[in-house]
Each structure stands twice: as structure tokens, then as C-alpha cells.
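Structural characterization, general
Listed here are the chains, written in short residue letters.
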Amino acid sequence: MDLSKLSLIFKIVIIGIVYIIIVCSLRIMYKDIKNGGKRARMANRRAFGLEVLIAGNNSNLRKGAVIPIRKEITIGRKSDNLLRLEDPYASSHHARVYVKNGKDCIIEDLGSTNGTLLNGKKLEGRQYLSSGDEIKIGNTSFKLIG
């Protein structure tokens, strides 16, 4: 094979590699630009959690523990709840706490038999929560932090 043909093949291969590097770099920059807004929105979100004030009869909870609320937490006696209570006064699906728009935290009683207390008052339907609000379900008490 002629040396000039071999040189032409190497030039084409090197140009191809350079183009592949440029395309990969542009793809990475596009993803960074596209996700930049998502990072800014995530910075505006608040983090919420339920601090255990009184663990009651629950062996899976201890005083001072914090249960993070990312999107939604269901609370009750049944095992399909995210927060399972071993409390005879808790219904199988007692309540749910969820975050709305990344800024507001809402609690909803799910038609429980014994009710849910929010700051000492019986909860009816849904209610917006503020930091420091106390939630009582049966013998178990939580405080919203965040």
C-alpha cells in the first residue's frame, strides 16, 4: 500500500475522532443547560419532616427520630402505609401528609375512626401545616419540621 494512501486514511480517522469528541461535548453542554433550570427550581423547594414527640406503642419509632416527607407519607396500621403505626387507636389508613408545589405541606385525615388531632383540635378534611404544628394519631405524636 502506498504511503500517501495510508496518510490519507489516518487524516480521515483523526478528523472523525475530532468530530465525535465535539458532538459528545455539545451533547453534555446541552444537558447541563437543559437541567440548569431544574436545579434552580429544586433550590426553591422546602424540606419537611415529622419529628417523633411521643412514640406510643410503636416499636419502629423512637422519640426524636425524624421521618422525611419527600412527596407523600401515608400513616396507619396496615403494612402498605409508608409510616406504619402499631397503635390500637390508629385506623388501617389513618392520614396522609404530602407536599404541594414543593413549598406547602398538607395533612389529610382519611376518614379514620378516632380522628387526627392537629394542635389539639380534631382535623376535618385537609389542612395546611406550618413548621412546629403538632399531629397526634392515637398515642403517637409528631411535630412538623421544615
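These numbers were taken from a predicted model, which means no experiment stands behind them. (Residues numbered from 1 in each chain as written. Predicted model: local features only at pLDDT ≥ 70, side-chain atom pairs only at ≥ 80, totals over all residues. Heavy atoms only, no water.)

1. A short note on the sheet that holds strand E6 (residues 104-109)
Two pairing modes exist for strands in a sheet, parallel and antiparallel, and in both the strands are linked by backbone hydrogen bonds. Ordered by their spatial adjacency, five strands build an open sheet running E4-E3-E5-E6-E9, and the pairing between neighbours is mixed. Two strands bound the open sheet, and with one partner strand each, they are strand E4 (83-84) and strand E9 (126-129). Bridge analysis of E6 against E9 gives four bridges, and the strand direction is antiparallel. Considered in E9, the bridge of Cys-105 is made with Leu-129. (Pairing = 2+ DSSP bridges. Helix = DSSP H or I, 4+ residues; strand = E, 2+ residues; numbered from the N terminus.)

2. Observations regarding the environment of Gly-138
Examined against the element boundaries, Gly-138 turns out to sit in the loop between strand E10 (134-137) and strand E11 (140-145). Overall, the relative accessible area of 22% leaves Gly-138 in the partly exposed class. Taking the C-alpha atoms as reference points, Gly-138 and Asn-57, 81 residues apart in sequence, are found 9.6 Å from one another. Once residues within four sequence positions are removed from consideration, Gly-138 is found in contact with Asp-87 and Tyr-89. (Buried < 20%, exposed > 50% of the residue type's maximum accessible area, 1.4 Å probe, protein only. Contact = heavy atoms within 4.5 Å.)

3. Let's talk about the UniProt feature "transmembrane region" (unreviewed entry) in the protein
Under the present numbering, the feature "transmembrane region" (unreviewed entry) in UniProt falls on residues 6-30. Between the first and last C-alpha atoms of residues 6-30 the distance is 36 Å; the span itself is 100% helix and 0% strand. (UniProt positions renumbered as here; feature names shortened; annotations may be inferred.)

4. Observations regarding the UniProt feature "domain: FHA" (unreviewed entry) in the protein
Feature annotation in UniProt places "domain: FHA" (unreviewed entry) on residues 73-123, given in this structure's numbering. The span residues 73-123 is 0% helix and 43% strand, and its two end C-alpha atoms sit 17 Å from each other.

5. Observations regarding the pairing of strand E5 (residues 95-100)
Taking burial as the measure, the six residues of E5 include five buried ones, the bulk of the element. Note that strand E3 (residues 72-76) and E5 share four bridges and pair antiparallel. Directly across from Ile-73, in E5, lies its bridge partner Val-97. Two elements, E5 and E6, share six bridges in a ladder whose sense is antiparallel. Residue pairing in the sheet places Val-99 in a bridge with Cys-105 of E6. Here E5 folds back onto E6, and the loop between the two strands holds three residues, one of which, Asn-101, carries a positive phi near 60°.

6. Notes on the nonpolar core
Soluble, globular proteins show a tendency: their nonpolar side chains are buried together. Formed by 25 residues in total, the largest nonpolar core has its most connected members in Leu-50, Ile-69 and Phe-142. For this core, the elements supplying multiple residues, two or more each, are strand E1 (48-54), strand E2 (66-69), E3, E5, E6, E10 and E11. (Core = buried A, V, L, I, M, F, W, Y, C linked by side-chain atoms within 4.5 Å.)

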